Every structure is written in C-alpha cells, then in structure tokens.
Amino acid sequence: MNDTWTPSSWRTRPAGQQPEWPDEGRLDDVLKRLNTLPPLVFAGEARRLTAVLGDVAEGHAFLLQAGDCAESFDGFSADSIRDKLKVILQMAVVLTYGSGVPVVKLGRIAGQFAKPRSSPTETVGDRVLPAFRGHIVNDPAATEEARVADPERLIQAYNQSASTLNLMRAFTKGGFADLNQVHLWNQEFVATSREGQRYEKIASEIERALRFMSACGIDLSAEENLHQVDFFTSHEALLLGYEEALTRQDSLTGDWYDCSAHLLWIGERTRQLDGAHVEFLRGVRNPLGCKIGSSASADEVLELCEALNPERIPGRLLLISRMGADRIDDLLPPIVQAVHAAGHPVVWECDPMHGNTFVAPSGRKTRDFAAIMSEIRSFFAVHRAEGTWPGGVHIELTGDDVTECLGGTDAIADLDERYETACDPRLNARQSLDLAFQVAELLRS
Ligand code: PEP
Ligand code: CO
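Residues numbered from 1 in each chain as written. Chains lettered and ligands numbered in written order. Predicted model: local features only at pLDDT ≥ 70, side-chain atom pairs only at ≥ 80, totals over all residues. Heavy atoms only, no water.

## Describing the overall build of the protein
Argument step 1. Scanning the protein for helices and strands turns up 12 helices and 14 strands.
Argument step 2. Compactness check: the protein gives a C-alpha radius of gyration of 21 Å against a globular reference of 22 Å for 445 residues, within 12% of the reference.
Argument step 3. With the C-alpha coordinates aligned to their principal axes, the bounding extent of the protein is approximately 65 × 50 × 45 Å.
Argument step 4. Buried positions account for 57% of the 445 residues belonging to the protein.
Argument step 5. Of the roughly 17,600 Å² of accessible surface on the protein, a fraction of 50% belongs to carbon and sulfur atoms.
Argument step 6. For the protein, the distance from the average site of its 44 positive side-chain charges to the average site of its 65 negative ones is 1 Å. (Helix = DSSP H or I, 4+ residues; strand = E, 2+ residues; numbered from the N terminus. Rg over C-alpha atoms; globule rule 2.2 N^0.38 Å. Buried < 20%, exposed > 50% of the residue type's maximum accessible area, 1.4 Å probe, protein only. Areas by Shrake-Rupley, 256 points an atom, 1.4 Å probe, with all protein chains shown as cover. Lys, Arg positive; Asp, Glu negative; His and termini not counted. Charge placed at Lys NZ, Arg CZ, Asp CG, Glu CD.)

## A few points about the site of ligand 1
Argument step 1. Cys69, Arg108, Lys115, Pro116, Trp265, Gly267, Glu268, Arg269, Lys291, Arg322, His354 and Glu396 make up every residue found near ligand 1.
Argument step 2. One nitrogen or oxygen atom from the side chain of Arg269 is found 2.8 Å from an oxygen atom belonging to ligand 1.
Argument step 3. Within the side chain of His354, a nitrogen or oxygen atom sits 2.9 Å from an oxygen atom of ligand 1.
Argument step 4. For ligand 1, whose unbound accessible area comes to 290 Å², protein coverage reaches 97%. (Near = heavy atom within 4 Å. Polar contact = N/O pair within 3.5 Å; in protein donor to acceptor, adjacent residues only side chain to side chain.)

## Points about helix H3 (residues 78-99)
Argument step 1. With 22 residues, H3 extends 31 Å from end C-alpha to end C-alpha; this agrees with the ideal 32 Å at 1.5 Å per step.
Argument step 2. Of all 22 residues in H3, 17 are buried; the element is thus mostly enclosed.
Argument step 3. A positive phi of about 75 degrees marks Gly100, the residue just after H3. (Expected span 1.5 Å × (residues − 1).)

## Some remarks on the environment of Arg248
Argument step 1. Here Arg248 shows up in strand E6 (residues 247-249).
Argument step 2. Residues in contact with Arg248, not counting those within four places in the same chain, are Leu34, Asn35, Thr36, Leu37, Pro38, Pro39, Asp255, Trp256, Tyr257 and Cys259.
Argument step 3. Side-chain polar atoms of Arg248 contact the backbone oxygen of Leu34, separated by 3.1 Å. (Contact = heavy atoms within 4.5 Å.)

## A short note on the packing of aromatic side chains
Argument step 1. For the coordinates displayed, the defined rule picks out 6 aromatic pairs.
Argument step 2. Consider the rings of Trp5 and Phe280, whose centres lie 6.4 Å apart with planes at 40 degrees: the pair is tilted. Within this pair, whereas Trp5 is found in the segment before helix H1 (24-36), its partner Phe280 is found in helix H8 (residues 276-282), the two being separated by 275 residues in sequence. Here the two residues Trp5 and Phe280 agree in accessibility, since each one is buried.
Argument step 3. With 5.5 Å between their ring centres and 65 degrees between their planes, Phe73 and Phe113 make a pair best called edge-to-face. Remark: Phe113 occurs in the loop between strand E2 (103-108) and strand E3 (121-124) and Phe73 occurs in the loop between strand E1 (62-67) and H3; sequence separation between them is 40 residues. Residue Phe73 shares its accessibility class with Phe113, and that shared class is buried.
Argument step 4. Taken together, the ring pairs in this structure connect Trp5, Trp256 and Phe280 into an aromatic cluster. (Phe/Tyr/Trp six-rings, centres within 6.5 Å; stacked < 30°, edge-to-face > 60°.)

## Points about the nonpolar core
Argument step 1. Counting 114 residues, the largest nonpolar core has Leu154, Leu319, Ile376 and Leu435 as its most contacted members.
Argument step 2. The biggest single contributor to this core is H3, with 10 residues.
Argument step 3. Sequence-distant contacts of Leu319, defined by excluding residues within four places in its chain, comprise Cys290, Ile292, Val301, Cys305, Val339, Val346, Val347, Trp348 and Glu349. (Core = buried A, V, L, I, M, F, W, Y, C linked by side-chain atoms within 4.5 Å.)

## What to know about the pairing of E3
Argument step 1. Taken together, the 4 bridges between E3 and strand E4 (residues 127-130) define a ladder with antiparallel strand orientation. Each bridged residue has a counterpart across the sheet, and for Thr121 the counterpart in E4 is Pro130.
Argument step 2. The hairpin turn running from E3 into E4, its antiparallel successor, is 2 residues long, and Gly125 in that turn takes a positive phi close to 60 degrees. (Pairing = 2+ DSSP bridges.)

## Overview of a negative patch on the surface
Argument step 1. On the surface, a cluster of negative charge is contributed by Asp23, Glu24, Asp28 and Asp29.
Argument step 2. On the accessibility criterion, Asp28 (37% relative accessible area) is partly exposed. (Patch = residues over 30% accessible without salt bridge, like charges linked within 9 Å, V, L, I, M, F, W, Y side chains within 5 Å. Salt bridge = Lys/Arg side-chain N within 4 Å of Asp/Glu carboxyl O.)

## Here's the deal with unusual backbone geometry
Residues apart from glycine generally show negative phi values, whereas peptide bonds are mostly found in trans.
Argument step 1. The backbone of Gln17 sits at a positive phi, close to 65 degrees, despite the residue not being glycine.
Argument step 2. Looking at where Gln17 falls in the secondary structure, it is placed in the segment before H1.
Argument step 3. With relative accessibility at 17%, the residue Gln17 sits in the buried group.
Argument step 4. Not every positive phi belongs to a glycine, and Arg312 is a case in point at roughly 55 degrees.
Argument step 5. Along the chain, Arg312 falls in the loop between helix H9 (298-308) and strand E10 (317-321).

## Describing the side chain of Arg316
Argument step 1. In this structure, Arg316 sits in the loop between H9 and E10.
Argument step 2. Within the buried set, Arg316 has no salt-bridge partner at all; the shortest N-O distance to an opposite charge, 7.1 Å, is to Glu311.
Argument step 3. Reaching out from Arg316, the side chain makes a polar contact with the backbone oxygen of Leu281 at a distance of 3.5 Å.
Argument step 4. Apart from residues lying up to four places away in sequence, Arg316 is in contact with Thr50, Leu281, Arg282, Val284, Arg285, Asn286, Pro287, Leu288, Leu308 and Asn309.

## Structural notes on the sheet that holds strand E14 (residues 390-396)
Argument step 1. Strand order in the closed barrel made by the 8 strands is E1-E2-E5-E8-E9-E10-E11-E14, with parallel pairing throughout. The mean inter-strand angle of the sheet, taken between neighbouring strand axes irrespective of direction, is 25 degrees.
Argument step 2. Contacting E1, E2, strand E5 (231-236), strand E8 (263-266), E10, strand E11 (347-350) and E14, helix H2 (residues 43-57) crosses the sheet at an angle of about 125 degrees to E2.
Argument step 3. Lying on the sheet, helix H10 (residues 328-341) is in contact with strand E9 (288-292), E10 and E11; it crosses E11 at an angle near 165 degrees. (Axes fitted to C-alpha atoms, helices over the stretch in contact; angles between N-to-C directions.)

What follows is the structure, encoded as structure tokens:
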C-alpha cells in the first residue's frame, strides 16, 4: 500500500500554503537540526490515542478537541497553559458527568502554530504585505520585515511545544487533574457566572460521590483514573518540512510516526487528493483528522477515506465537518450516508467554528455563539437521523476572559474590550463551559 511512500515523498506533489522562505539553504539547515532533536511524543502514545478514538468511532466515547486557533510566541506562560487546561478539564467533567460517556481529551496545543491563509497577501492601509502565517513562520506586525518568513522560528516553535507538553504532562499526571481538585479548575471570573455556578454544583456532587465511595470502603487512592488524565496533543500538519523533520521510525514496529504531536489534521485548504499533505499524512501511523468544508463532495470524502485509512482501522481517521450553521443540514447528510454505506469506521467530529466566521462592522473577525450551537445541534440531528454516532466537537477556545465571540449568557456585544487572539476568534472560558453543558444535554437526549 505504502510502497511509494517515504517521509519526503510529499516533495514531488504540489504543496499548498507553504511560506516563501527567502533562503532555502537556511531552511534546509534548520530542518536538518530539527531532525536530530528528540521526538515530542512517542509512537506508543499515538497508538493509544488511535485505540481510544476507536472507541469513539464505535460510539462508546466522545471526543473533545479544543485549544487556541493559533498558539503565540508572545504571552507564552505557565499560567496561560494552566488556564487553558482548566477550561478543557471543566468541559470534560461537564460532558462526562452530564452524559455518562467517557471523554477523550485532545488539545489544539503544543504545536498549533502554522496558519493557512485565504490570501497570500494582506492590505494594511495602502500597503500590501505578505500574510501573517503564524508565529512559526513570521511576525504579525504590519511591516515588510516582520512578515519575512524566518526558519529559526521553526526551532522556537519546537522548543515552545516541548515546554508546553512538559507542563501539560506535569499538570495532567502530577495531581492537578486529580478529581479531588474539580473545584480549583473554576477560575474566579467563571465561578461568578451562571455556568460557573452550574459547574460548582456538579463539582460538589462529584466530591460527595467520592466521599461516598470512600465511606463504602473503596480504596480511591488505588484508582489511577481518579487522579490523572490522559491528555493528547494535536495540530494542523501544515508546514510539511517541519513535520517531515520530526517523523521517526518506531523501533518496535518499524512504522513511521510524525512525532510532533499525537494527532495531525489536514486543513480545509490542503486536502487535495493528489496534493502533498495527503501524500505525507497517509504514510504516518498517527491518528489523523481531515477538515470537510462546504465544497466537499461525497465522492471526494470517500476517496480521502480510502487514501488516509485504506485498512479501515477504527480511530485512525476523524472527519471534521465545518460547513456553517446554514449549510450543514443540506451538505452533511449525503457525505455521512456515503461514508457509512462504504463501511469506513470514521470518527465524526463537528468543528462549529470555521464555517461561522464573519467580519463585524468594527472590522473584527468574530463568530456568534448562537451560530456555533446551531451547527452543533444540526450535527447531532444529522447523525441521529442517519444512525451514526456524533463523535465529538472541535473548539477554538482560551482560558482567558476575552471578548472575541459574540453572545453566550453574558451576551458579549463589544468585541473591542478584550480582543487578543493571534488568529481566529475564540470562545472564552464561560462560553466554553456553556457549550459543554449544552453538548452534554444533546448527548443525553
Ligand atoms: C483551523 O482549524 O484553525 C483552520 C484553519 O481550519 P480550516 O482548515 O477548517 O479552515
Ligand atoms: Co482557526
């Protein structure tokens, strides 16, 4: 099957969305250096993620994939990582407690830097500048120099991913994610909100349940799952040179793994069947995602399934639909029918963010919480009608108290107050929790 595949076979195919590096020699030097650095994740961890995603594909678990649109080199701190983890853990608790279904936690984190752009240039005032492509490539400042692609940034992204991952591992395995800490994950600005109080109620019920089990003589300290969580990482595999440089052959199985993250996904703009991204990712054994936007046909999606998961391994492939609240009802059913009829064991995931972005009169890119929820509700309705499992959600969020998406119970209307994103508008922690409560209800019904 993979007879012609090598970690560099993508180089013979057209690769969209790659930066224009001013000096290819310097890029090659950096890639060679990256190739000697330690892997960020291990093959066995990626296999474990495939296995738990297999449970999702079979309808026995739910996937929560969440994090920043784009991680940033600025404002990178332990606090911001911790706060993002807090909101993801809170959402997972709400989903698990509310639905009784195990939740797989997958961050858009520790590597989510590179951004595809609709246009290679951006007009600022009367100047036409190269587009900002994420901190792994260039700087967003509106000058010609800032926008020059700098390969040293690949190394900085690798280093920041390593320290982010290190901290996440410490937090999730070292006591912070212990269920006895559920109250501590509620940040102050969240706790005062309606969702925060609803969360407090669940947290208290969990505490009571733990005390009850303990009183029954159950040795809770021996139950590892109560004290730590498995947290996996993911990002869009966009810069193929970077991904290739971190691809390693597993000594146990001889298979190739892209060790930059546990799961990689292909973006809506780079999912061409004969393109470099599909070529690269079909050959690594990590679990994969593929975005499915409004232009995707059922035939195209079937061919992607064949190319990316020819062995039909449950948990290997996530189809991440992002059609927009207005279009999902018409566009998703024929795709679900075709994939289901062909017997492909995919995880169906809803990205309710990227089909619902628009520019507000103020010029800010934003999304409306109501549209986000509407796409999720349609996603559930379509899968219920087709007899398939609505396997998960893919959310852009932050633990910070930002005002980037409109609406929610706070009825955010003034985007300028705290608009901080490096790329797309994210849900704040309160909106994220609100979403989790509503998704838990959908799962239950
Ligand atoms: C993203 O997930 O940030 C993104 C760019 O998505 P898409 O490829 O679906 O547009
Ligand atoms: Co985005």
